[in-house]
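Close look at the chain arrangement
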Amino acid sequence: MTRVFILLLSTLLFAFQGYAQKGTVKGVVKDASTGEEIIGASVLLEGTTTGSVTDVFGQFAFKAPVGTYNVLCSYVGYKKFQQGITVVEGETITLEVTLGYDNEVMEAVEIVGQKDRGSSAVVVEAVKMADVVVNAIGAQQISKMSASSAADVVKRIPGITLVDGRFVNVRGLSQRYNTVLVNGAVAPSTEPNAKVFSFDIMSSSVIDRMMVYKSGAANQPGEFAGAIIDVDTKNPSGDSYNKLKFNLGYRANATFENVVRNDVGSPVLDFVGMGQFDRAWAVKDKFAVRQDVAGEQAQQMDNDVWGSRTGMALPDMGIGYDFGKAMVWGNADVYTENSISFSNSNATTTGDRSSFIGYSIANENGEVSSSLKDESSNVSYANNVKWKLLSNWTFQLNPDNVLKFKNFYNRQSTNSLSIRNKYSPFKDDAITEAWSMNYLVRDLYIGQLIGEHELNDGRSKLNWLVGTSLTSRVEPDWKRGVKDQANDEVYYVSISKNENPLQGRFTSNLKEFSVSHKLDFTHEIKEDVLKIQTGYYTDFVYRTFALRWFSNVLSIRGNASDFIGYTTFEEAYTQGNMGLNEGLIVKEGTKPSDSYTANNLLTSGYFGFNSHTGNLKASAGVRAEFFMQQLNSFNDVGAPITVDNKPLNILPYANMSYDFSEKFMARVAYGMTVNRAAFRELAPFSFYDFEWDYTLTGNPKLETATIHNVDARLELYPKAGELLSLGVFYKNFNNPIEKYALRSDSDASAFTYRNAEGADAYGVELEIKKSLGFLSASSTVMDNLSIYANLALVRSQIQLGEKAIEINSERALQGQSPYVTNVGLYYDDQVSGWSANVLYNAFGPRLFSVGDGLDSYRWYEMPRHMVDMNIAKSFDSGLSISLSVSNLLNYAYEIIEDGNSDGKFDSEISDKSVLKQFNGQKAQLSVNYKF
């Protein structure tokens with residue numbers, strides 16, 4: 001890894017050689033009357049296109065050819081500034097520009113154009129002006145990160161960490177307590193087992209800004225307890241441009257290493273992520289119980305699909321093309337922003353897994369001993385192919401009316417092969433080798449038509465949205481097999497007479513469709529003093545899910561001795577061995593509970609007001625949500641199971657802020673919210689997860705959780721673009737939904753979902769965004785350095801209720817971390833084009849699943865410390881090159897079983913590792929060219 005890192009860095013530095021020096025023009029722009037820095041002012045050399053825009057500190061810097069120029073500086077509402085300068089090669093001209101108000105312009109100005117929503121200054125200002133407690137990050141700060149996906153971006157926001165590298169955990173609370181919006185509409189769930197959004201499917205380059213609302217308001221969805229995360233994709237800027245993107249990556253343990261692949265399918269289709277087309281089952285009907293018919297069906301299957309091959313993993317690669325364009329259609333100004341990208345990457349994950357049995361009574365030290373049930377070593381090889389497309393359009397009909405058409409599509413294909421070697425001392429020291437060969441395809445489309453209208457000379461605003469989404473998740477042919485180790489230490493294919501989910505083939509298909517509509521109306525009754533808000537939101541979601549699986553088993557005419565000695569699955573399950581007389585038939589394992597249909601209809605409306613009196617701002621309102629949720633399935637023997645929930649929730653909200661000065665303010669907020677069960681959590685079927693080696697079963701009796709939320713925060717804005725904040729929060733949960741471990745007599749662990757009676761959570765948050773220029777008045781380096789840090793400390797306590805049985809009721813809410821921290825150090829030199837950052841993220845131990853301490857035990861996800869680095873160089877020609885390294889420490893992902901249920905991890909006797917795996921570091925070289 002170190003040699004590759006040095007090689008890539010040397011390549012980057014070599015590319016920087018030959019950079020032609022020019023003269024430099026830099027300075028700061030301030031308000032003449034207040035002395036405050038002006039953000040977003042235009043600085044231009046007259047008669048050229050050379051110039052810059054002031055940053056969050058009012059500063060600008062750019063290279064300029066040698067010569068004599070007039071410097072022009074302008075900003076809306078101010079008189080223009082003009083000054084003559086002479087640029088000399090290798091020298092720097094420093095200007096201090098002051099702009100005075102232009103009263104005539106202020107009275108007559110009318111702006112028609114696209115708003116800048118992604119700059120750091122605008123984002124910080126949006127946080128300051130918001131009525132609710134919110135954190136945010138914009139495109140300008142994102143561009144400085146080593147971020148390739150939205151997942152890399154969101155984990156840099158205060159109080160946020162990631163689960164499985166994709167799902168968001170806010171304020172240490174489980175990912176289930178967040179609602180994700182894309183351009184203002186609720187995003188569909190990307191996973192079959194939970195109502196969550198996978199942030200790794202969206203490229204960081206398509207994000208305009210990300211707002212994380214931690215307190216509620218009447219005009220926002222009522223389902224959250226952690227946060228509402230609103231991801232706004234790129235709004236066309238009005239610029240016409242083209243951008244080519246290319247990246248090359250190295251992953252530890254994978255790149256240039258030998259990996260194992262399932263030898264089936266077209267290599268070309270697999271490379272481009274379309275491999276599902278030649279993996280579909282030939283037999284669509286359910287397999288017969290009669291063995292003679294099952295034998296005939298077995299012969300109809302394409303059984304020569306079990307081969308594997310070993311080869312070298314190539315470096316990760318990605319290509320992309322972005323373009324923007326401005327045009328005129330009739331009387332409308334039209335702007336468009338488009339992006340298409342393709343990537344192909346390889347990853348190898350290694351780890352160990354263990355399970356335990358026979359827990360003793362606690363000794364005098366409170367320790368509980370146990371015996372090893374089994375232990376395994378695991379390796380997983382995965383090839384991931386991603387297609388991402390974005391096409392956003394803005395139609396500026398006139399200054400008061402705008403239409404937006406936004407589209408996002410993602411396809412992710414994963415071709416994986418996993419091998420698990422397991423030792424089982426309680427099964428006569430048996431040693432087995434389980435194989436999994438899977439191809440998974442996920443498709444997601446999100447589209448919205450948005451209208452923004454100003455009425456009554458700007459006193460009224462009417463905004464509306466019509467949206468739809470389509471989600472598909474397909475596993476066309478997931479193959480699983482087991483080998484037993486014999487006395488000669490050779491693994492031989494295991495043949496059974498009974499169906500077994502570890503020995504056979506599996507297919508699943510999930511489809512989900514949604515359509516939504518919302519309307520928001522705001523009217524200013526008294527300018528800058530009082531306004532009212534009202535509107536509604538509706539969302540209909542329909543899902544179908546079905547899976548099938550069968551085992552290759554020995555027929556009644558088969559002779560077990562004929563199948564002794566096969567060392568590979570392709571030898572044992574070959575076409576010639578399938579059929580009643582040949583020995584192997586297919587036996588259906590699918591149960592009636594293995595499929596369901598579900599839908600929900602959310603109908604909501606709200607009314608609220610905002611008032612501003614002196615230094616005090618207040619907003620309050622109420623939201624009504626009527627949620628109809630239906631699910632139809634069966635139990636294992638075919639009896640119908642129906643879920644029909646129709647709760648009506650009345651949700652009040654109140655927010656207040658007080659400005660002690662222009663730079664210092666305080667906020668308080670209250671809101672009532674809900675958390676509803678996802679379709680999969682209600683569906684009664686049991687699913688065996690090979691990677692985790694556990695079975696998950698839904699619970700149709702889950703109830704909706706309600707949450708009371710209280711927030712308070714102090715905010716200090718020392719300079720433009722800077723923020724210091726300190727906040728506290730409290731949450732009271734009623735009927736929180738938790739993941740619960742069950743007693744399992746099988747080899748695999750078992751989990752389901754249950755409601756606890758209640759819980760309380762409270763904590764404190766600290767956030768810092770600050771330039772380090774104050775540390776040295778004469779240091780250019782310090783002027784270009786800034787720090788971004790945040791810390792959340794959280795504590796929660798569950799209330800189990802009278803019917804619950806747990807040895808120790810003193811525990812946190814499932815999924816909650818006691819601390820979350822992010823620290824980032826940023827360097828950005830606009831003159832030279834160099835930028836760099838180092839980012840650190842960590843979280844405390846969080847309860848992965850609940851156990852009663854009798855028949856099942858609590859699992860905790862242990863802390864991880866992650867460090868990412870990035871260095872980049874931009875050139876005047878439009879070329880930019882960056883090198884990033886992520887997961888530098890390669891900290892283990894580890895789950896600990898808390899045998900004595902004390903919530904501590906200080907005993908080798910009681911606290912034992914059930915899972916420990918390493919994902920490896922990643923280095924990536926990226927080259928972009930904008931023209």
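Residues numbered from 1 in each chain as written. Predicted model: local features only at pLDDT ≥ 70, side-chain atom pairs only at ≥ 80, totals over all residues. Heavy atoms only, no water.

The chain is annotated in an unreviewed UniProt entry as TonB-dependent receptor from Algivirga pacifica. The UniProt entry for the chain carries this comment under Subcellular location (unreviewed entry): "Cell outer membrane". A UniProt comment under Sequence similarities (unreviewed entry) is attached to the chain, and it reads "Belongs to the TonB-dependent receptor family." (UniProt positions renumbered as here; feature names shortened; annotations may be inferred.)

Observations concerning helix α7 (residues 291–300)
Of the residues making up α7, those classed as buried are A294, G295, Q297 and A298. For α7, the angular spread of the buried residues around the axis is 165 degrees, confining them to a single face. Looking at the buried residues of α7, the elements they touch are β27 (584–588). (Buried < 20%, exposed > 50% of the residue type's maximum accessible area, 1.4 Å probe, protein only. Helix = DSSP H or I, 4+ residues; strand = E, 2+ residues; numbered from the N terminus. Arc of directions from axis to C-beta. Contact = heavy atoms within 4.5 Å.)

Regarding the sheet that holds strand β2 (residues 42–45)
On the basis of which strands lie adjacent, the open sheet formed by 4 strands has the order β3-β2-β5-β6 and antiparallel pairing. The open sheet has two edge strands, β3 (51–53) and β6 (81–87), and neither has a second partner. Across the sheet, the mean angle from the axis of one strand to that of its neighbour is 15 degrees, orientation sign disregarded. The pairing of strand β5 (residues 67–74) with β6 spans 7 bridges and is classified as antiparallel. When the bridges of β6 are listed, Y69 appears paired with I85. (Pairing = 2+ DSSP bridges. Axes fitted to C-alpha atoms, helices over the stretch in contact; angles between N-to-C directions.)

Quick word on the pairing of strand β13 (residues 207–213)
Taking burial as the measure, the 7 residues of β13 include 7 buried ones, the bulk of the element. As judged from the 5 bridges shared by strand β8 (residues 134–138) and β13, these two strands associate in the antiparallel manner. Looking across to β13, one finds that G138 is bridged to R209.

A few points about the sheet that holds strand β4 (residues 59–64)
The 3 strands are arranged β4-β1-β7 in an open sheet whose pairing can be described as mixed. The two strands at the open ends of the sheet, each matched to only one other strand, are β4 and β7 (92–99). Pairs of neighbouring strands in the sheet enclose a mean axial angle of 20 degrees, with direction left out of account. Bridge count for strand β1 (residues 23–31) against β4 is 6 bridges, and the pairing is antiparallel. Each bridged residue has a counterpart across the sheet, and for K26 the counterpart in β4 is A61.

Thoughts on the nonpolar core
One recurring pattern in soluble globular proteins is that nonpolar side chains are buried together. Ranked by internal contacts, the top residues of the largest apolar core, which has 38 residues, are L547, Y596, L631, F685 and I895. With 4 residues, strand β26 (residues 530–554) is the largest single contributor of residues to this core. I895 has contacts with W692, F848, W859, Y860, E861, K912, S913, V914 and L915, leaving out every residue within four places of it along the chain. In this structure, I142, A150, F197 and M202 belong to the second largest nonpolar core, which totals 29 residues. (Core = buried A, V, L, I, M, F, W, Y, C linked by side-chain atoms within 4.5 Å.)

Description of the pattern of salt bridges
Taken as a whole, this structure holds 31 salt bridges when the rule is applied. With its nearest N and O atoms 2.8 Å apart, the salt bridge here joins K214 to E765. Taken together, the residues K214 in the loop between β13 and β14 (227–233) and E765 in strand β39 (residues 758–771) connect sequence positions 551 residues apart. The class of K214 is buried, set by a relative accessible area of 0%. Judged by relative accessible area, which is 8%, E765 ranks as buried. (Salt bridge = Lys/Arg side-chain N within 4 Å of Asp/Glu carboxyl O.)

With respect to empty space enclosed by the protein
Over the atoms a probe the size of a water molecule is rolled, and this reveals where empty space is left. Following the criterion strictly, the structure yields 9 cavities of 30 Å³ or more and no others. Taken as a whole, the largest cavity spans an internal volume of roughly 590 Å³. Taken together, 37 residues line the largest cavity, and the ones lying closest to its centre are V186, A187, S189, K195 and E223. Those elements that place two or more of their residues in the lining of the largest cavity are β10 (167–170), β11 (178–182), β25 (504–526), β26, β28 (595–613) and β29 (616–634). Here the lining of the largest cavity is composed, by residue class, of 18 nonpolar, 10 polar and 9 charged. (1 Å grid on protein atoms, 1.4 Å probe; cavity = no way out; pocket = protein on both sides within 12 Å on 5 of 7 lines; lining within 4 Å. Points joined across faces, edges and corners; volume = space filled by probe spheres on them. Nonpolar A, V, L, I, M, F, W, Y, C, P; charged D, E, K, R; others polar.)

Let's talk about the pairing of strand β49 (residues 922–930)
Relative to β49, strand β15 (residues 241–251) runs antiparallel, the two being bridged by 9 bridges. Bridging across to β49, Y250 finds its partner in A923.

Some points on a nonpolar patch on the surface
Side chains of L616, M656, Y658, F660, V668, L714, L726, L766, L791 and L793 sit close together on the surface and give an oily, nonpolar patch of about 840 Å² of accessible area. Elements represented by at least two residues in the nonpolar patch include exactly β31 (648–659) and β40 (785–799). Inspection of the secondary structure puts L726 in strand β36 (residues 723–734). Owing to a relative accessible area of 44%, L726 belongs among the partly exposed residues under this scheme. (Patch = residues over 30% accessible without salt bridge, like charges linked within 9 Å, V, L, I, M, F, W, Y side chains within 5 Å. Areas by Shrake-Rupley, 256 points an atom, 1.4 Å probe, with all protein chains shown as cover.)

Brief notes about the packing of aromatic side chains
Evaluation of the coordinates by the stated rule reveals 28 aromatic pairs. A ring pair is formed by F271 and F342, whose centres lie 5.8 Å apart and whose planes are at 50 degrees; its orientation type is tilted. On the criterion of sequence distance, the pair formed by F271 in helix α6 (residues 267–271) and F342 in strand β19 (residues 332–357) is long-range, its members being 71 residues apart. The class of F342 is buried, set by a relative accessible area of 8%. Their ring planes at 70 degrees and their centres at 4.9 Å tell us that Y860 and F905 sit as a pair that is edge-to-face. (Phe/Tyr/Trp six-rings, centres within 6.5 Å; stacked < 30°, edge-to-face > 60°.)

A few points about unusual backbone geometry
The backbone phi angle of D429 is positive, close to 60 degrees, even though this residue is not glycine. In this structure, D429 sits in the loop between β21 (401–424) and β22 (430–455). The phi dihedral of N887 falls on the positive side, at around 55 degrees, and the residue is not glycine. Here N887 shows up in the loop between β46 (879–886) and β47 (893–898).

Brief notes about the environment of N632
Inspection of the secondary structure puts N632 in strand β29. Once the C-alpha coordinates of N632 and D208 are considered, the two residues, 424 residues apart in sequence, prove to be 40 Å apart. With sequence-adjacent residues up to four places away left out, N632 is seen in contact with S595, Y596, T597, I641 and T642.

Overview of the confidence of the model for the chain
Summing up the model confidence of the chain, the mean pLDDT is 86 and the portion of residues at 70 or higher is 93%. Per-residue pLDDT stays below 50 along residues 1–20; that stretch engages in 32 contacts with residues further than four places along the chain or on separate chains. Note that residues 104–114 has pLDDT below 50 and, in this model, 15 contacts with residues that lie over four places away or in other chains. (pLDDT = per-residue confidence, 0-100.)

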